[in-house]
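Read off the chains here:
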Amino acid sequence: MNILLTGGAGFIGAHTVVELLNAGHTPIILDNFCNAHPNVLTRIKMITGVLPKLYQGDVRDRELLKRIFNENKIDSVIHFAALKAVGESVAQPLRYYDNNVSGSLILLEEMQQAGVKSIVFSSSATVYGEPKTMPINENFPTGATTNPYGTSKHMMERIMMDMQRAQPDWSVIILRYFNPIGAHASGKIGEQPNGIPNNLLPYVTQVAAGKLKELSIFGNDYPTADGTGVRDYIHVVDLAQGHVQALNVKAREAGTHIYNLGTGKGYSVLDIVQTFERETGQRVPYVFKERRAGDIAECYADPQKAWRELNWQAKRQLPEMIRDAWHWQKNNPNGYENETFQAA
Ligand code: NAD
Ligand code: UFG
């Protein structure tokens, strides 16, 4: 299939491009590089031997979308393009709603115009808010979000469900990711957050690399085994393969299809620090701080539905996720900055 990936140069997008190529599909990337580096394309070529087709531009640019759909016979779109920093979304809600909601609306309208009726949407476990029990399955209530980023994801889920009801021949696949970490085993592509990382793993790798002094652990008084927050960390390559599998199984089946993509296992912040130290031999100094506003004690998936219906299951365990994240950080202390990107 010819797959358009909005945000395809980003962390999850780039890994999905590689897995689509491995599975014999043709990925086409649309990215404005607001949170990505053009050299990711050269790195994808190093891994796969293929330099994917790139359109540099914004998902809110209707003319560009028209051109892409005219120039390519797109079978399905994976819509990754979004802003994703929770704290920033609280400070800049309009920017977040414009990018994440208006951008998605424009994309859907232009897909409709072009007769492309299959979309995979990057959603998040954040749409579940603070569930009363664990693990979380897809029937749990959604919408009790605590920040504009999460609300933008929930809004888009609702909008796409309404659209699919009005146009029953569409296939809408909503993938709710848990906590993606790790990097491609080659060490060529990985996560490169701008500035000081918000997320745990990139923060830990930068502490170990000596770029940051110490990790602040946000809260040690949660009702969890060791008092620190528990999350369902999933290797980004498993997550990427989940997209390929969802497309293979559901892209041609009309309906709204919703799946959790997680491992089903929860690990605490201290589990992460200890596993990191054991697997890499690096020390990660840390201090306990107050809880971070908006955080919940624990969050992990019931991943059975994806296993049952998509025949997909996360395979990689925590030590491998951590080794791969460290391999990427060690090999690329400056992320993608080293080479100059050559267009096709
Ligand atoms: P990322 O920032 O690495 O990737 C997003 C990509 O979209 C970037 O390359 C960015 O340049 C691009 N982009 C943003 N706005 C754009 C626009 N208007 N036009 C064109 N390109 C645009 O983030 P990621 O971690 O790869 O996340 C991908 C998707 O998954 C996002 O929708 C994110 O909200 C969702 N998600 C991520 C996580 C996570 O923890 N990483 C968890 C749940 C959901
Ligand atoms: N944490 C720390 N110190 C840090 C960073 C994080 O102790 O410097 C803790 C958090 O308190 C939490 C855990 O590490 O207990 C994980 O935090 P992350 O920021 O890595 O991830 P979150 O679970 O808070 O959120 C992530 C994404 C969201 C997404 C959510 C569910 O950032 O966008 O997963 O998919 F919605």
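Keep in mind the model is a prediction, meaning the values are calculated, not measured.

Engineer: Where do I start with the overall build of the chain in this structure?
Structural biologist: Scanning the chain for helices and strands turns up eleven helices and 14 strands. Against the globule reference of 20 Å for 344 residues, the chain gives a C-alpha radius of gyration of 19 Å, in line with a compact fold. For the chain, the exposed surface amounts to about 14800 Å²; the carbon and sulfur share of it is 47%. The average position of the 34 basic charges and that of the 35 acidic charges among the side chains of the chain differ by 2 Å.

Engineer: Teacher, can you tell me more about the site of ligand 2 here?
Structural biologist: Taken together, 20 residues sit near ligand 2, with Ser124, Asn199, Ser216, Arg231 and Asp295 positioned nearest. One of the backbone N or O atoms of Leu200 is found 2.8 Å from an oxygen atom in ligand 2. Arg231 has a polar side-chain atom sitting 2.7 Å from an oxygen atom of ligand 2. When the free accessible area of ligand 2 is taken as 690 Å², the share hidden by the protein chains comes to 89%.

Engineer: Sorry, what's going on with the sheet that holds strand S14 (residues 298-299) here?
Structural biologist: Two strands in a sheet stick together by hydrogen bonds in their backbones, pointing the same way (parallel) or opposite ways (antiparallel). Strand order in this open sheet of three strands is S12-S9-S14, and the pairing throughout is mixed. Strands with a single pairing partner mark the edges of an open sheet, and in this sheet they are strand S12 (267-268) and S14. Sheet analysis places strand S9 (residues 230-231) next to S14, joined by two bridges and oriented parallel. Its bridge partner lying in S14, Arg231 is registered against Cys299.

Engineer: I keep staring at the environment of Val269 and nothing clicks. Help me out?
Structural biologist: Residue placement: Val269 occurs in helix H9 (residues 269-280). Overall, Val269 belongs to the buried group, its relative accessible area being 13%. Taking C-alpha positions, Val269 is 6.6 Å from Val230, a pair spaced 39 residues apart along the chain. Setting aside anything within four residues of it in sequence, one finds Val269 in contact with Leu200, Leu215, Ile217, Thr228 and Gly229.

Engineer: Explain the confidence of the model for the chain to me, please; I cannot follow it from the model alone.
Structural biologist: Regions with low pLDDT carry predicted coordinates that are not meant to be interpreted in detail. On average, residues of the chain carry a pLDDT of 96, and 98% of them reach 70 or more. The least confident element of the chain, judged by mean pLDDT, is helix H4 (residues 86-91) at 94; the most confident is strand S1 (residues 2-6) at 99.

Engineer: It is not clear to me how the site of ligand 1 should be interpreted in this structure. Could you clarify?
Structural biologist: The environment of ligand 1 is made up of 28 residues, and the closest members are Asp31, Asn35, Phe80, Tyr149 and Lys153. Separating an oxygen atom of ligand 1 from a backbone N or O atom of Ile12 is a distance of 2.8 Å. Here an oxygen atom of ligand 1 and a side-chain polar atom of Lys153 are 2.8 Å apart. When ligand 1 is considered free in solution it has 820 Å² of accessible area, and contact with the protein chains removes 96% of it. Elements that contribute at least two residues to the shell around ligand 1 include exactly helix H1 (11-22), strand S5 (118-124) and helix H6 (148-166).

Engineer: Help me out: how do you make sense of helix H8 (residues 236-250) in this one?
Structural biologist: The α-helix advances 3.6 residues per turn, and as a result positions three or four apart in sequence lie on the same side. Between its terminal C-alpha atoms H8 stretches 21 Å, which fits the 21 Å expected from 15 residues at 1.5 Å a residue. With eleven of 15 residues buried, H8 lies mostly within the body of the structure. All buried positions along H8 are accounted for by Val236, Val237, Asp238, Leu239, Ala240, Gly242, His243, Val244, Ala246, Leu247 and Lys250.

Engineer: Explain the side chain of His235 here, please?
Structural biologist: The topology assignment puts His235 in strand S10 (residues 233-235). Within polar-contact distance, the side chain of His235 engages the backbone oxygen of Ala183 at 3.4 Å. Excluding its chain neighbours within four sequence positions, the residues that come into contact with His235 are Ile181, Ala183, Arg316, Glu320, Met321 and Asp324.

Engineer: Can you help me understand helix H2 (residues 40-48) in this one?
Structural biologist: What H2 keeps buried is the set Val40, Leu41, Thr42, Arg43 and Ile44. Contacts from the buried residues of H2 go to H1, strand S2 (26-31), strand S3 (53-56) and helix H11 (318-331).

Engineer: Teacher, can you tell me more about the environment of Val207 here?
Structural biologist: Here Val207 is to be found in helix H7 (residues 200-208). Residue classification places Val207 among the buried residues on the basis of a relative accessible area of 5%. Spatially, the C-alpha atoms of Val207 and Tyr286 are 9.1 Å apart, while their sequence positions differ by 79 residues. Beyond its immediate chain neighbours, meaning those up to four positions away, Val207 contacts Leu212, Lys213, Glu214, Leu215, Val284 and Pro285.

Engineer: It is not clear to me how the packing of H1 against H2 should be interpreted in this structure. Could you clarify?
Structural biologist: Between two packed helices, what matters for the description is the angle formed by their axes and the separation of those axes. Across the interface, H1 lies against H2 with an axial gap of 10 Å and an inter-helix angle of 30°. The angle between H1 and H2 places the two elements in the roughly parallel class. Crossing hand, H1 versus H2: right-handed. Here Ala14, Val17, Val18, Leu21 and Asn22 of H1 lie close against H2, whose contacting residues are Val40, Ile44, Ile47 and Thr48. Grouping the amino acids of the contact of H1 with H2 by side-chain chemistry returns seven nonpolar, two polar and no charged.

The rules behind each value
- Residues numbered from 1 in each chain as written.
- Chains lettered and ligands numbered in written order.
- Predicted model: local features only at pLDDT ≥ 70, side-chain atom pairs only at ≥ 80, totals over all residues.
- Heavy atoms only, no water.
- Helix = DSSP H or I, 4+ residues; strand = E, 2+ residues; numbered from the N terminus.
- Rg over C-alpha atoms; globule rule 2.2 N^0.38 Å.
- Areas by Shrake-Rupley, 256 points an atom, 1.4 Å probe, with all protein chains shown as cover.
- Lys, Arg positive; Asp, Glu negative; His and termini not counted.
- Charge placed at Lys NZ, Arg CZ, Asp CG, Glu CD.
- Near = heavy atom within 4 Å.
- Polar contact = N/O pair within 3.5 Å; in protein donor to acceptor, adjacent residues only side chain to side chain.
- Pairing = 2+ DSSP bridges.
- Buried < 20%, exposed > 50% of the residue type's maximum accessible area, 1.4 Å probe, protein only.
- Contact = heavy atoms within 4.5 Å.
- pLDDT = per-residue confidence, 0-100.
- Expected span 1.5 Å × (residues − 1).
- Axes fitted to C-alpha atoms, helices over the stretch in contact; angles between N-to-C directions.
- Parallel < 35°, antiparallel > 145°, perpendicular 65-115°, else oblique.
- Left-handed = near helix turned anticlockwise from the far one by under 90°.
- Nonpolar A, V, L, I, M, F, W, Y, C, P; charged D, E, K, R; others polar.

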